[in-house]
Amino acid sequence: MKKSLACGIILLATSSAVNAADLSRQAVTAIMAPPSFTWTGFYVGGNLGYMYGFGNAVTTGTAAFQTLVAPGIVPGRLGANRDGFLGGLQAGYNFQYGAAVLGAEADLQLTDLRRRASFTGAAVLGTQLTTSSRADLRYLGTLRARIGFTPVERLLIYGTAGLAYGEVGTSGSVVGVQAPALSWNGSTSSTRAGWVVGGGLEYAVTNNLTLKGEYLYYDLGRTSVSALGNAAVRSVAALNGIDYVARTENRGSIVRAGANYKF
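Just so you know, these numbers come straight off a predicted model, no measurement behind them.

Conventions and cut-offs
Residues numbered from 1 in each chain as written. Predicted model: local features only at pLDDT ≥ 70, side-chain atom pairs only at ≥ 80, totals over all residues. Heavy atoms only, no water. Helix = DSSP H or I, 4+ residues; strand = E, 2+ residues; numbered from the N terminus. Buried < 20%, exposed > 50% of the residue type's maximum accessible area, 1.4 Å probe, protein only. Contact = heavy atoms within 4.5 Å. Areas by Shrake-Rupley, 256 points an atom, 1.4 Å probe, with all protein chains shown as cover. Patch = residues over 30% accessible without salt bridge, like charges linked within 9 Å, V, L, I, M, F, W, Y side chains within 5 Å. Salt bridge = Lys/Arg side-chain N within 4 Å of Asp/Glu carboxyl O. Polar contact = N/O pair within 3.5 Å; in protein donor to acceptor, adjacent residues only side chain to side chain. pLDDT = per-residue confidence, 0-100. 1 Å grid on protein atoms, 1.4 Å probe; cavity = no way out; pocket = protein on both sides within 12 Å on 5 of 7 lines; lining within 4 Å. Points joined across faces, edges and corners; volume = space filled by probe spheres on them. Nonpolar A, V, L, I, M, F, W, Y, C, P; charged D, E, K, R; others polar. Phe/Tyr/Trp six-rings, centres within 6.5 Å; stacked < 30°, edge-to-face > 60°.

## Digging into the overall build of the protein chain
Along the protein chain, the regular secondary structure elements total 3 helices and 10 strands. Mapped from its N terminus to its C terminus, the protein chain presents α and β elements in the order α-β-β-α-β-β-β-β-β-β-β-α-β. The buried share of the protein chain, taken over its 263 residues, is 40%. Taking as baseline every contact in the protein chain between residues at least 6 positions apart, the subset at least 24 positions apart corresponds to 74%. Carbon and sulfur atoms provide 67% of the accessible area of the protein chain, an area that totals close to 13,300 Å².

## Observations concerning a nonpolar patch on the surface
Together, Phe42, Val44, Tyr93, Phe95, Tyr97, Tyr261 and Phe263 make up a nonpolar patch on the protein surface, roughly 810 Å² of accessible area in all. Elements that contribute at least two residues to the nonpolar patch include exactly β1 (41–54) and β4 (82–97). Element by element, the count of residues in the nonpolar patch is highest for β4, at 3 residues. As for its placement among the helices and strands, Tyr97 is situated in strand β4.

## Examining the side chain of Thr223
Take Thr223: it is sitting in strand β9 (residues 209–229). By relative accessible area, Thr223 is classed as buried at 7%. Among the polar contacts listed, one links the side chain of Thr223 to the side chain of Thr170, at a separation of 2.8 Å. A polar atom in the side chain of Thr223 sits 3.2 Å from the side chain of Asn250. Not counting the four nearest positions on each side in its chain, Thr223 is found in contact with Val168, Thr170, Arg192, Ala246, Arg247, Thr248 and Asn250.

## Digging into the confidence of the model for the protein chain
Residues at a pLDDT of 70 or more form 85% of the protein chain, whose mean pLDDT is 86. The lowest-confidence element of the protein chain is helix α1 (residues 2–32), averaging 47 in pLDDT; the highest-confidence one is strand β8 (residues 183–204), averaging 96. Contacts of residues 5–14 to residues separated by more than four positions or lying in other chains number 0 contacts, the stretch itself having pLDDT below 50. Note that pLDDT drops below 50 for residues 27–32; the model gives that stretch 0 contacts with residues more than four away or on any other chain.

## Remarks on the pattern of salt bridges
Under the definition given, this model contains 14 salt bridges. For Asp136, the salt bridge is made with Arg134, and the minimal N-O distance between the two is 2.9 Å. Of the residues examined, Asp136 reaches a relative accessible area of 8% and is grouped as buried. Three or more residues joined by partner-sharing salt bridges are found here, namely Glu105, Asp107, Arg144, Arg146, Glu202, Lys212, Glu214 and Arg256.

## Points about empty space enclosed by the protein
Throughout the structure, instances matching the rule amount to 3 cavities of 30 Å³ or more. Estimates place the volume of the largest cavity at around 40 Å³. In terms of lining residues, the largest cavity is bounded by Trp39, Gly41, Phe42, Tyr43, Asn94, Glu202, Thr210, Asn260 and Lys262. Secondary structure elements with two or more residues in the lining of the largest cavity: β1 and β10 (244–262). Looking at which element gives the most residues to the lining of the largest cavity, the answer is β1, with 3 residues. Residue composition of the lining of the largest cavity, by class: 3 nonpolar, 4 polar and 2 charged.

## Quick notes on the packing of aromatic side chains
Applying the stated criterion across every chain, the model contains 7 aromatic pairs. Ring geometry for Phe65 against Tyr244: centres 5.5 Å apart, planes inclined by 25°, an arrangement best described as stacked. Taken as a pair, Phe65 in helix α2 (residues 63–66) and Tyr244 in strand β10 lie far apart in primary sequence, 179 residues in all. Across the pair, exposure class does not vary: Phe65 and Tyr244 are buried alike. Centre to centre, the rings of Tyr261 and Phe263 are 5.2 Å apart; their planes meet at 80°, and the pair counts as edge-to-face. For Tyr261, a relative accessible area of 42% translates into the label partly exposed.

## Let's talk about the environment of Asp243
Along the chain, Asp243 turns up in the loop between α3 (231–234) and β10. Sequence spacing of Asp243 and Gly229 is 14 residues, and the spatial spacing of their C-alpha atoms is 6.4 Å. Excluding residues that lie within four positions of it along the chain, Asp243 makes contacts with Gly61, Thr62, Phe65, Trp184, Ala227, Leu228, Gly229 and Arg234.

## Re unusual backbone geometry
Phi at Leu125 takes a positive value of approximately 55°, unusual for a residue other than glycine. Along the chain, the position of Leu125 falls in the loop between β5 (100–120) and β6 (129–152). Residue Leu125 is classed as exposed on the basis of its relative accessible area, which comes to 56%.

Below you can see the structure in the form of structure tokens.
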């Protein structure tokens, strides 16, 4: 009886010691295990992409200029769609609450978007006229809110919207083909503000490195430029008051990829 009681006490003590050791190992493992990933924090990065600018609502001319549209001497409208590339930097901050992620991002990129269109019409006063329009987007920046969710820990799906701004150059010209001394010219450059909306995917490759793909649609409004006739034009009574006005829409789509370093 005494031997059985002693054996039970020994087994109970051994079991308690083993359980205590297991609990200690679990506690140490929990302390040493790396924390789960979070999107909360500041980040900086870069991006490269492709952009397609829409300018298919380019109108031309003053009222007197428009009288030359019906005979086919000048165009009533010029299409000026064009594509290009862009690249730049971005920085932002995310805050994660559960599966939801809220953030803000600012970016700035240079572009080579150039849009040109021209039309050569029927002859008037012994010469044809070539009417041209050009719009350039030299840089584009945005300041946007981002709202997303994480279907899995390291994947972020988000929508984004906010302010867009950029430097837009607009020019217009009319030149006499057989009489190049006759010409109308004008150009302007300004910083425009508008809006941007889009969405994207971002994946955390490591706790610090993320990769993303993004689509944005921007609209910087319309710009216009007046191309006034030179002295040769002003010397022809029939051309007095006929000036060219080019109006173009500055909007387009962007598809880009980027990488961020998260602090």
